[in-house]
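# Chains, contacts and geometry: an overview
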Amino acid sequence: MRSYLLAASLTFLSFTSQAAPTPTEVVESFIQAYNKHDVELMVQHTSETVRWMHITGTKVEVETSDRTEFGAAMTDYFETLKDANATILQIINSGSYVSTVERVTWDNDGEHLSQCSIGTFRVKAGKLAEFWYFPAHACDEQPPLETIEEDVVEPEIGVLQETQQ
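Quantities reported herein were computed from a predicted structural model and do not represent experimental measurements.

### A look at helix α2 (residues 23-35)
Residues spaced three or four apart along an α-helix face the same direction, because each turn holds 3.6 residues. With 13 residues, α2 extends 19 Å between its outermost C-alpha atoms, agreeing within 8% with the 18 Å of an ideal straight helix rising 1.5 Å per residue. Burial in α2 covers these residues: Pro23, Thr24, Val26, Val27, Phe30, Ile31, Ala33 and Tyr34. Just downstream of α2, histidine 37 is the residue with a positive phi angle, here 60°.

Now the structure itself:
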């Protein structure tokens, strides 16, 4: 009997000692659920009052403002894009915020398409509380070379001057 209690205690301790997922792990798990097209699992990674927003120009448009709306929107999304897949190209964690650069790929009438977008997620108590996406763009989009060259300011090289008075 004691060995059974010891085994049960060790099992319980291993479950309780597991650390809560980091904000980055929450976002990565959310994207994995997206790639499985598992709306139920995606919803499990969100808070009850999750807000999904798009930033367009000077406006922030609220796509969904709770779990139910989010689940319905993703169900509709996957009905339209049956083979959508996301890859995180870059990820940055800053406290409870995680920003990503994501490439989404899908097929349209035999043509393989992709686009990239920057997303920022706020994680609260291990769940996505809010997330914002910037407008999608071509993944290999680069600013024109002439724009880059015009914006470059050459450093001034010369004698350092005393700036204290």
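### Concerning the confidence of the model for the protein
Predicted confidence across the protein gives a mean pLDDT of 85, with 74% of residues reaching 70 or more. Taken as a whole, residues 4-16 scores under 50 in pLDDT and shows zero contacts with residues more than four places along the chain or in a different chain.

### Some remarks on the packing of aromatic side chains
For the coordinates displayed, the defined rule picks out 13 aromatic pairs. When the centroid spacing of 5.3 Å and the interplanar angle of 55° are considered together, the rings of tyrosine 34 and phenylalanine 78 count as tilted. Pair noted here: tyrosine 34 is in helix α2 and phenylalanine 78 is in helix α4 (residues 67-80), with a separation of 44 residues, a long-range link. Here the two residues tyrosine 34 and phenylalanine 78 agree in accessibility, since each one is buried. With a centroid separation of 5.8 Å and 85° between ring planes, the pair formed by phenylalanine 121 and tyrosine 133 is classed as edge-to-face. Separated by 12 residues along the polypeptide, phenylalanine 121 in strand β5 (residues 111-124) and tyrosine 133 in strand β6 (residues 127-133) bring together distant segments of the chain.

Calculation rules
- Here the residue numbering is sequential within each chain, running from 1 through the sequence in written order.
- Thresholds applied to this predicted model are a pLDDT of at least 70 for local features of residues and 80 or more for the giving and counting of side-chain atom pairs; totals over whole chains, interfaces and linings are not thresholded and use all residues.
- Side-chain measures were taken over the full set of non-hydrogen atoms in the model, leaving aside hydrogen atoms and water.
- Runs of E in the DSSP output that reach at least two residues are strands. Runs of H or I that reach at least four are helices, and both are numbered from the N terminus.
- Expected span, for any helix, means 1.5 Å times one less than how many residues it has.
- Between buried and exposed lies partly exposed: a residue is buried under 20% and exposed over 50% of the maximum accessible area for its type, with that area taken using a 1.4 Å probe on protein chains only.
- Note on scores: pLDDT gives the predictor's confidence for each residue, bounded by 0 and 100.
- Contacts are residue-level and defined by heavy atoms, with any inter-residue pair within 4.5 Å sufficient.
- Ring pairs shown here join Phe, Tyr and Trp side chains whose ring centres sit within 6.5 Å, with only the six-membered ring taken for Trp; geometry is labelled stacked below 30 degrees between planes, edge-to-face above 60, and tilted in between.

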